[in-house]
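For reference, the chains in residue letters:
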Amino acid sequence: MMKRTTLPLALSAALLAGCGGTQYFSPPPATSELRLNVRPATVQVNEVSMPEYAINQEIPIQQPDGSLVTDTDRLWADLPDRALQGSLTRQLNIITDASVAAEPWPLSGFPDVELSVFVDEMIVRPNNTLSFTGTYALSSEVGRGRVETFALSAPVTDIGSYPAIIAAHEVAWVQLAEQIAGDL
């Protein structure tokens, strides 16, 4: 006969809580209503540059004292720089009449315009807003290139909800795509 052992209830609950595992979050699809005809026929979205705290899969949230905290059990489903590059590519294909692709350039020839994005800040603030700032450069072999800044924000409907935090990122990224599309 096999002897059955039981664990104290508190220990059982602690073990079960530890088995929850890592949760991964992906931005819900958001689509711009903006539609523009632009000069370039083709646009390449280069790799996005981000600060170290924003490039990791952990999602930083700023505390009232200014520190950034992350939860290693709640992560981006993709790396944020890659997710932003994919979002910009998708949105610019929707918004503009250009063929837009991420680097490396998959089409023949060279793109008419290359887009480079440099994120300075991508932080969820204690006031329930995502602050998203930086610069982007549009370069071309013919014509003049340009560098523009962006300072965008998006509301976080529930700062304790990681799906709401990730959704705010996608909203800000759509705003950036709209701004870039206007400059193409």
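Quantities reported herein were computed from a predicted structural model and do not represent experimental measurements.

Asks: What is the right way to look at the pairing of strand β7 (residues 113-124) in this model?
Replies: On a regular strand, one side chain projects to one face of the sheet and the next to the other, so that they alternate. Taken across its twelve residues, β7 has nine buried, putting it largely inside the fold. Pairing of strand β2 (residues 42-45) with β7 involves three bridges; the strand directions are parallel. Paired with V43 across the two strands is V113, which belongs to β7. Sheet topology note: the β7/strand β8 (residues 129-139) ladder contains ten bridges and is antiparallel. Within β8, the residue paired with M122 across the bridge is F132.

Asks: Which parts of the structure should I look at to understand the layout of surface pockets?
Replies: With a probe scaled to a water molecule rolled over the atoms, the places where space remains empty come into view. In this structure, the largest pocket encloses a volume near 210 Å³. Surrounding the largest pocket, 13 residues form its lining, V113, S140, R144, D183 and L184 being those nearest its centre. Here the lining of the largest pocket is composed, by residue class, of five nonpolar, four polar and four charged. As a volume, the second largest pocket reaches approximately 180 Å³. Considering the residues around the second largest pocket, the lining is formed by Q44, W105, F110, P111, D112, E114, S139, S140, E141 and V142. Here the lining of the second largest pocket is composed, by residue class, of four nonpolar, three polar and three charged.

Asks: Please clarify how a negative patch on the surface should be interpreted in this entry.
Replies: There is a patch of like negative charges on the surface, built from E47, E103, E114 and E141. Position of E47 relative to the elements: it lies in the loop between β2 and α2 (52-55). Among the residues examined, E47 registers a relative accessible area of 55% and is labelled exposed.

Asks: For this particular structure, what's the right way to read the nonpolar core?
Replies: One finds L92, L115, V117, F132, L176 and I180 to be the most contacted residues of the largest nonpolar core, which totals 43 residues. Put simply, the parts of the chain that give this core at least two residues each are β2, α3 (80-95), β7, β8, β9 (146-155) and α4 (162-183). For this core, the element with the most residues is α4, which contributes eleven residues. When neighbours within four sequence positions are excluded, L176 is seen to be in contact with L88, V117, F132, Y136, F150 and L152.

Reading the values: the criteria
Residues numbered from 1 in each chain as written. Predicted model: local features only at pLDDT ≥ 70, side-chain atom pairs only at ≥ 80, totals over all residues. Heavy atoms only, no water. Buried < 20%, exposed > 50% of the residue type's maximum accessible area, 1.4 Å probe, protein only. Helix = DSSP H or I, 4+ residues; strand = E, 2+ residues; numbered from the N terminus. Pairing = 2+ DSSP bridges. 1 Å grid on protein atoms, 1.4 Å probe; cavity = no way out; pocket = protein on both sides within 12 Å on 5 of 7 lines; lining within 4 Å. Points joined across faces, edges and corners; volume = space filled by probe spheres on them. Nonpolar A, V, L, I, M, F, W, Y, C, P; charged D, E, K, R; others polar. Patch = residues over 30% accessible without salt bridge, like charges linked within 9 Å, V, L, I, M, F, W, Y side chains within 5 Å. Areas by Shrake-Rupley, 256 points an atom, 1.4 Å probe, with all protein chains shown as cover. Salt bridge = Lys/Arg side-chain N within 4 Å of Asp/Glu carboxyl O. Lys, Arg positive; Asp, Glu negative; His and termini not counted. Charge placed at Lys NZ, Arg CZ, Asp CG, Glu CD. Core = buried A, V, L, I, M, F, W, Y, C linked by side-chain atoms within 4.5 Å. Contact = heavy atoms within 4.5 Å.

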